[in-house]
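Here is what each chain is made of, one letter per residue.
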Amino acid sequence: MSKTSLTLPALASTSRRQPLRLALSPAFKRALLGLALPLGLLAALELASQLGWYRSNLLPPPSELLGTLAELWRQGLLKHLVASTLRVAVGFAIGTAAGMVLGGLVGLSRRAEALLDPSVQAIRAIPSLAWVPLLLLWLGIDEAPKIVLIALGAFFPVYLGLVAGIRDVDRRWVELGTIYGLHGWPLVRRILLPASLPALFTGLRGGLGLAWMFMVAAELIAATKGLGYLLTDGRETSRPDIVLTAIVLLALLGKLSDGILKALERRQLAWRDSFKA
Amino acid sequence: MTALLNVHVEQKRYGERTVLDRIGFALQAGEIVSLLGPSGCGKSTLLRIIAGLEREFDGRLALAGQGYEGLNRGIGFIFQEPRLLPWLTVAENVAFDLGSGGANDPRVGELLAEVGLTGLNNALPKQLSGGQAQRVAIARGLFRHPQVLLLDEPFSAVDAFTRMRLQDLLLEVAKQHGTTVLLVTHDPDEALYLSDRVLVMSQSGIDVELEVPLARPRDRRHPALSELKNAALTALFAAHAI
């Protein structure tokens, strides 16, 4: 009797430790799976270039890009990264704030919708890059036109997300709020905003993606620093390796910033009872 | 003795259609009364009028002798589905009346214990079964100390066995809190098992009032319940409701 009770905990502790290591692996495996395609492609590219299957002056192999990255780093790559990231951060913040204020107004008030929504939709119909010449004329070629363009890009997805989110709130939840005597701001804060959070996050992530896109557009046109400037510089000096390095850096920054939003979303929306494959 | 709740609806219309026409009844304190009838007879509308959710009607409502219009804190409402807010924990849902921070109110734990959900304070609604969610809804309904608790087909979405357990739970908490209960249902067995009185309703109004003179706890197999069920069915048949 005492013998079994001595051996059992020992068995349990070893068998508990083993699955712990295995328990981490599904997420790790998924990450590996996601990396398989790009890494495989890079390896194939490297191999093809080493074997001389193609002339690498237009499509430099990954090893050369690493060299370019080191060279750019020595020449002050950080300055470009910081410049672009700051522009996106400031533009996204402004666009998001405006989108949330106007989206909230239009979502909550039919009168505000009648007043504002037609104009917003009309402006949305203009391809945003069409603003560039006007912004340059009005605001010069400094930071201001770039920030405004980025904010414009971020604005619409956030606006549309919040309006749709508020409009889709389940009528029955609003009725519950009514029974508890909620109206006006308390109803907004306790029912309408939490309920429209999923749609708002979709809008925020879309807006962030567009903010990066418009940052590149703005920097391609007129900039002395930033990743967009690197792209132009690489083209003008016939350096596809610089262009490709800048593209890869843009991809990494975009993915990183979206990852931050996604983590925030997962934390805020942990209550959602949604499909998980 | 004056009644706790007095209901008189002269007329309730949706556009051209008259849904309720001269319906009136009273609830004594501590009573459990059911409105039994088929879909579309206006019984849910009547309940929503009493709750203050439907304000456009001709008639009078009074709680404890005081006439009222619209919402009334003395009247609690439990919906057909639990209607918990998915972003709030169980405790926050129960204490919804208090707003943020209400989850720490000591009454949350007491009520959860009463409905048999001790320890689930921090669970999210998505983790609950249908029966558990409806128990949380009952706890939330009781949190405001309502004098009258209105229930709109509250157990129609759960399986038969869960339903019986929830019915017993309702009787228990109503007794515990001295709550007067008005329940809308389309299930004759449920109405007769739970109630002191059953108001059988059809499009034409309240056709019959059945007294259930059985002490609680009741035996679901009691022959008197079957006889009363026959009477209810006869009344519904006579009103062309079935």
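Conventions adopted
- Residues numbered from 1 in each chain as written.
- Chains lettered and ligands numbered in written order.
- Predicted model: local features only at pLDDT ≥ 70, side-chain atom pairs only at ≥ 80, totals over all residues.
- Helix = DSSP H or I, 4+ residues; strand = E, 2+ residues; numbered from the N terminus.
- Rg over C-alpha atoms; globule rule 2.2 N^0.38 Å.
- Buried ≥ 20, exposed ≤ 12 C-beta atoms within 10 Å, placed from the backbone.
- Contact = placed C-beta atoms within 7 Å.
- Axes fitted to C-alpha atoms, helices over the stretch in contact; angles between N-to-C directions.
- Parallel < 35°, antiparallel > 145°, perpendicular 65-115°, else oblique.
- Left-handed = near helix turned anticlockwise from the far one by under 90°.
- Nonpolar A, V, L, I, M, F, W, Y, C, P; charged D, E, K, R; others polar.
- Pairing = 2+ DSSP bridges.
- Arc of directions from axis to C-beta.
- pLDDT = per-residue confidence, 0-100.
- Core = buried A, V, L, I, M, F, W, Y, C linked by C-beta atoms within 7 Å.
- Bend = angle between axes of the 7 residues up to and from the residue.

### Topic: the overall build of chain B
A count of helical and extended segments in chain B gives seven helices and 10 strands. Against the compact-globule benchmark of 18 Å for 242 residues, chain B has a radius of gyration of 18 Å, which places it among compact chains. With 242 residues in all, chain B has 42% of them scored as buried. At a minimum sequence separation of 6, the contacts of chain B that also span at least 24 residues come to 69%.

### Focus on the overall build of chain A
Broken down by element type, chain A carries 11 helices and zero strands. Expected size for 277 residues packed as a compact globule is a radius of gyration near 19 Å; at 26 Å, chain A overshoots this value by more than 25%. Taking the principal axes of the C-alpha coordinates as reference, chain A spans close to 80 × 70 × 30 Å. Counting only residues that meet the buried cut, chain A has 27% of its 277 residues in that class. Restricting the contact set of chain A to residue pairs at least 6 apart, pairs at least 24 apart contribute 73%.

### A short note on the packing of helix α3 (residues 106-114) of chain B against helix α4 (residues 130-143) of chain B
Residues and elements named next belong to chain B. Where α3 meets α4, the axes come as close as 9 Å, and the angle between the chain directions of the two elements is 135°. In terms of axis orientation, α3 runs oblique to α4. Taken as a pair, α3 and α4 cross one another with a handedness that is right-handed. Every residue of α4 that contacts α3 at R107, L111 and L112 is listed here: A139, L142 and F143. Of the residues in the contact of α3 with α4, the class split is five nonpolar, no polar and one charged.

### Topic: the sheet that holds strand β2 (residues 17-27) of chain B
Residue and element names in this part refer to chain B. Read across the sheet, four strands follow the order β2-β1-β4-β5 without closing on themselves; strand pairing throughout is antiparallel. Of all strands in the sheet, those with a lone pairing partner are β2 and β5 (66-67), marking the two edges. Taken together, the six bridges between strand β1 (residues 5-14) and strand β4 (residues 58-63) define a ladder with antiparallel strand orientation. Across the sheet, residue V7 finds its bridge partner in β4, namely L61. Running at roughly 120° to β1, helix α1 (residues 43-51) makes contact with β1, β2 and β4 of the sheet.

### Points about the interface of chain B and chain A
At the junction of the two partners, chain B supplies 12 residues and chain A supplies 11 residues. Among the residues making up the side of chain B that touches chain A, the classes are represented as nine nonpolar, no polar and three charged.

### Brief notes about helix α10 (residues 227-236) of chain A
Residues and elements named next belong to chain A. For α10, the set of buried residues is L227, G228, L230, L231 and G234. Burial along α10 is one-sided: seen end-on, the buried residues are contained in an arc of 160°. If you follow the buried residues of α10, they end up packed against α4 (77-108), α9 (185-221) and α11 (240-268). Immediately beyond the C-terminal end of α10, within one or two residues, lies S238, with a positive phi of roughly 50°.

### Let's talk about the confidence of the model for chain B
Predicted coordinates in areas of low pLDDT are best not read in detail. With 100% of its residues at a pLDDT of 70 or more, chain B shows a mean pLDDT of 94. In the predicted complex, the global pTM is 0.83; the interface-specific ipTM is 0.91.

### Some words on the pairing of β4(B)
Residue and element names in this part refer to chain B. With two bridges connecting them, β4 and β5 associate as antiparallel partners. Paired with L63 across the strands is Q66, a residue of β5. Between β4 and β5, which pair antiparallel in sequence order, lie two residues; one of them, A64, sits at a positive phi of approximately 50°.

### Remarks on the nonpolar core
B:I50, B:V94, B:A139, B:L150, B:V198 and B:V200 are the most contacted members of the largest nonpolar core, which has 74 residues in total. If we skip the residues at most four places from it in the chain, B:V198 touches B:S34, B:L36, B:A191, B:L192, B:L210, B:V212 and B:A232. Core analysis: the next-biggest nonpolar cluster, separate from the first, contains 41 residues, A:L72, A:I147, A:L204 and A:L250 among them.

### Focus on unusual backbone geometry
Residue and element names in this part refer to chain B. Here the amide bond leading from R216 into P217 is cis, since omega sits at 0°, within 30 degrees of zero. Residue placement: P217 occurs in the loop between β10 (205-211) and α7 (223-238). We note that R22 has phi near 45°; this positive angle belongs to a residue other than glycine. With respect to the helices and strands, the residue R22 is situated in strand β2. The class of R22 is exposed, set by 12 C-beta atoms lying within 10 Å. In this model, H145 sits at a positive phi of 50°, which is unusual for a non-glycine residue. Among the secondary structure elements, H145 is positioned in the loop between α4 and β7 (148-152). On the basis of neighbour counts, which here come to 13 C-beta atoms within 10 Å, the residue H145 falls in the partly exposed class.

### Some remarks on the sheet that holds strand β8 (residues 180-185) of chain B
Residue and element names in this part refer to chain B. Spatial strand order, β6-β7-β8-β3-β9-β10: six strands in an open sheet with mixed pairing. Two strands lie at the open edges of the sheet, namely β6 (75-78) and β10, each paired on one side alone. Pairs of neighbouring strands in the sheet enclose a mean axial angle of 20°, with direction left out of account. Sheet topology places strand β9 (residues 197-202) next to β10; six bridges connect them, and they run antiparallel. Of the residues in β10, the one forming a bridge with M201 is I206.

### Here's the deal with helix α2 (residues 25-50) of chain A
All names here are of chain A. Where α2 bends most, the angle comes to about 40°, and this point is A36, followed within four residues by the proline P38. Along α2, only zero of the 26 residues are buried, which leaves the element largely exposed. A positive backbone phi angle near 75° is found at G52, which sits one or two residues after α2.

### Focus on the packing of α4(A) against helix α7 (residues 143-167) of chain A
Relative orientation and spacing of two packed helices are given, respectively, by the angle between their axes and the distance between those axes. Residue and element names in this part refer to chain A. For the pair α4 and α7, the least separation of the axes is 6 Å and the interaxial angle reads 35°. Between α4 and α7 the crossing geometry is right-handed. Grouping the constituent residues of the contact of α4 with α7 by class yields 20 nonpolar, eight polar and three charged.

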